[in-house]
Amino acid sequence: MSGNTLFTPLQVGTTTMKNRIGMSALTRNRAQDTYPTEVMKEYYVQRALGGAGLIVSEGILINRQGTAWDNAPGLWDEKHVAGWKKITDAVHAAGGKMYAQLWHAGRLSHPDTPQHKLSGIPIYAPSAIAARGGKFRQIPGEPGYVTPKAIGDPWIIAGYFKRAAIFAKMAGFDGVELHGASGNLITQFLDYNSNQRTDNWGGSVENRSRFGLVVLRSMVKVFGPNVGLKISPAGGYNDIGMPLQDTLNTYSYFISEADKLNLAYITLVRYSPKFDFPIDGKRRGTDHNVVEAYRPFIRNAKLFVNTDVTPEEGEQLVSSGKVDGIFIGFSWITHPDLVKRIEHGKPLNNIPNIPYLQINKSEDDWSTGYTDYPLAVY
C-alpha cells in the first residue's frame, strides 16, 4: 500500500508499538472451563509473529458471574494467572506486546449458562431492566435476556475489576483495556435506558459516568499509564442507544474525565448497521461520526478507531492526524499475518470458517477455524 505512516512506531503508556495497527479483542471461546489453553497460546503467538503492533486479548471475565459465553476466559484465581502467563511470555518472546481486556457482561448474561450456574448468584445490572433482542443459542430453547437484579453496591463489582487488573499484572500483560463498549456493564451504567437508578450511580451524566470512572481509576492504580479504554458511543449493539444530543452530552463528559487519568489510549468504536439489529422494527443506535465528535475531548491519551477500518483508510486517518492508530478485528481472525500482508501488498483472501468462529469443532478439535488459517507466501 502507498504511504507508510501506519508502520511508524507509537508510544502508548510505557509500551512502544512497532506499528500503528493493533489487534482488537475478539471473542473466540477456546478457554476450557475459563482457563487459558495451549491452543490459545498458539493463536496469539501467530498474530504476534504476524506483526500486530499491540494485541488486545479477547474479553477476559473478571468473575464467573459476569459471563455470556461458554469457554470464555477468566482472570479471578491463580490458575488463570498461570495460564495467561504462559501466553504473555510466548507473545513477548515472539516480539509482541499484549494488553488484557477486562469485562463484565452485566444484564447480557443468562442464569442458565454453565458458568453462571456455578457462580450461584443472580444476573446483575445497574437497574432491573432487561435488554431486548438477543438469543442464547447454546442454551436449549434459545432463550433471550432475562430481567436482572439491580446491583446493590457497585463498589463491589468495581473491586472485581481491580482484582482482575492485579492478576493481569501478575500474568505479565503489558497493560489492561476496559471494555466499555457493545452494551456491556460499563455501557449499561452510561445509558439512561438501562440505568434508571436514583442514587449516586444514576440520573445525571456525572452519576451515570461514575461507575466507569471508578473502575478506570482502580485499574490505573495497578497499571499506571498502561490502561486503555474501549467505548462505543453510537450504541446499537445489545439494546443500547440514546438520542444524539444525550449521547454527545454523556460521552463528551465521560471521555473528558477519563482522559484526565493519563490513560494509554482510548478506542472509539464506530457505528455499524450490521451490529445494530432492529428491535420492534427500529434500530437502537445513533449514527454519528465518533472521531469528529469526541476527538476534541481527548488531549492526553492516544486515539484509536475501530470497526470496518481498512488499511487504506487507516493510513489516511493517521497521516492526517485525526487518529494515532487503528484497531482491526475480524481480519485478524482470518489472517494471522495481517500486518505483514498489508506491508507487502498481499491480498486478504482467506475465507472465514463461520461455524467455528466462536465455538470449537469438537471436544478433541479446538483448532479448526482458530489456528488453521494459512499465511501468505512472501
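Look a little higher up for the structure.
K.L.:
I would appreciate a short explanation of the overall build of the protein chain in the present structure.
P.N.:
A tally of regular secondary structure across the protein chain gives 11 helices and 13 strands. Here the C-alpha radius of gyration of the protein chain, 19 Å, is about what a compact globule of 378 residues would show, namely 21 Å. By principal-axis analysis of the C-alpha atoms, the protein chain measures approximately 60 × 50 × 45 Å. By the burial criterion, 58% of the 378 residues in the protein chain qualify as buried. Within the protein chain, contacts between residues separated by at least 24 positions form 74% of all contacts whose residues are at least 6 apart in sequence. A total of about 14900 Å² of accessible surface is found on the protein chain, and carbon and sulfur atoms cover 52% of it.

K.L.:
Can you help me understand the packing of aromatic side chains in this one?
P.N.:
Each aromatic ring pair is summarised here by two numbers: the centre-to-centre distance and the angle between the ring planes. Inspection of the entire model under this criterion finds 16 aromatic pairs. Aromatic pair Tyr 44 and Trp 84: ring centres 6.4 Å apart, planes at 50°, arrangement tilted. With Tyr 44 in helix α1 (residues 38–49) and Trp 84 in helix α2 (residues 78–93), the pair connects residues that are 40 residues apart, well separated along the chain. Classification of Trp 84 by relative accessible area gives buried; the value is 0%. Between the NZ or CZ atom of Lys 79 and the centre of the ring of Tyr 35, over which it lies, the distance is 4.4 Å.

K.L.:
Before we go on, may I ask you to explain the packing of helix α4 (residues 154–170) against helix α6 (residues 205–223) in this structure?
P.N.:
Between two packed helices, both the angle of their axes relative to each other and the distance between the axes serve to describe the pair. Across the interface, α4 lies against α6 with an axial gap of 9 Å and an inter-helix angle of 30°. Regarding the angle of α4 to α6, the classification is roughly parallel. The handedness of the crossing between α4 and α6 is right-handed. Contacts between α4 and α6 involve Pro 154, Trp 155, Ile 157, Ala 158, Phe 161, Lys 162, Ala 165, Ile 166, Ala 168 and Lys 169 from the first element and Phe 211, Val 214, Val 215, Ser 218, Met 219, Lys 221, Val 222 and Phe 223 from the second.

K.L.:
How do you make sense of unusual backbone geometry when you look at a structure like this?
P.N.:
The phi angle of most residues is negative, glycine excepted, and most peptide bonds adopt the trans form. With phi around 45°, Glu 142 is a residue other than glycine that occupies positive phi space. Looking at the element boundaries, Glu 142 is found in the loop between β7 (124–125) and β8 (149–150). Accessibility expressed as a relative area gives 36% for Glu 142, which makes it partly exposed. In this structure, Asn 238 takes a positive phi of about 65° despite not being glycine. Position of Asn 238 among the secondary structure elements: in the loop between β10 (227–231) and α7 (244–259). A relative accessible area of 15% places Asn 238 in the buried class.

K.L.:
Help me understand the nonpolar core in this model?
P.N.:
Nonpolar side chains tend toward joint burial in soluble globular proteins. By size, the foremost hydrophobic cluster in this structure holds 86 residues, and its most contacted members are Trp 84, Leu 102, Phe 211, Leu 216 and Leu 263. Ranked by residues supplied to this core, first place goes to α6 with 9 residues.

K.L.:
For this particular structure, what's the right way to read α7?
P.N.:
Within an α-helix, residues lying three or four positions from one another point in the same direction, as the helix has 3.6 residues per turn. Taking 1.5 Å per residue, 16 residues should reach 22 Å; α7 reaches 22 Å between its end C-alpha atoms and fits that length. For α7, the complete set of buried residues consists of Thr 247, Thr 250, Tyr 251, Ser 252, Phe 254, Ile 255, Ser 256, Glu 257, Ala 258 and Asp 259. In this structure, the buried residues of α7 make contact with α5 (185–190), α6, β10, β11 (265–269) and α8 (290–294).

Definitions and cut-offs
Residues numbered from 1 in each chain as written. Predicted model: local features only at pLDDT ≥ 70, side-chain atom pairs only at ≥ 80, totals over all residues. Heavy atoms only, no water. Helix = DSSP H or I, 4+ residues; strand = E, 2+ residues; numbered from the N terminus. Rg over C-alpha atoms; globule rule 2.2 N^0.38 Å. Buried < 20%, exposed > 50% of the residue type's maximum accessible area, 1.4 Å probe, protein only. Contact = heavy atoms within 4.5 Å. Areas by Shrake-Rupley, 256 points an atom, 1.4 Å probe, with all protein chains shown as cover. Phe/Tyr/Trp six-rings, centres within 6.5 Å; stacked < 30°, edge-to-face > 60°. Lys NZ or Arg CZ within 6 Å of the ring centre and 35° of its normal. Axes fitted to C-alpha atoms, helices over the stretch in contact; angles between N-to-C directions. Parallel < 35°, antiparallel > 145°, perpendicular 65-115°, else oblique. Left-handed = near helix turned anticlockwise from the far one by under 90°. Core = buried A, V, L, I, M, F, W, Y, C linked by side-chain atoms within 4.5 Å. Expected span 1.5 Å × (residues − 1).

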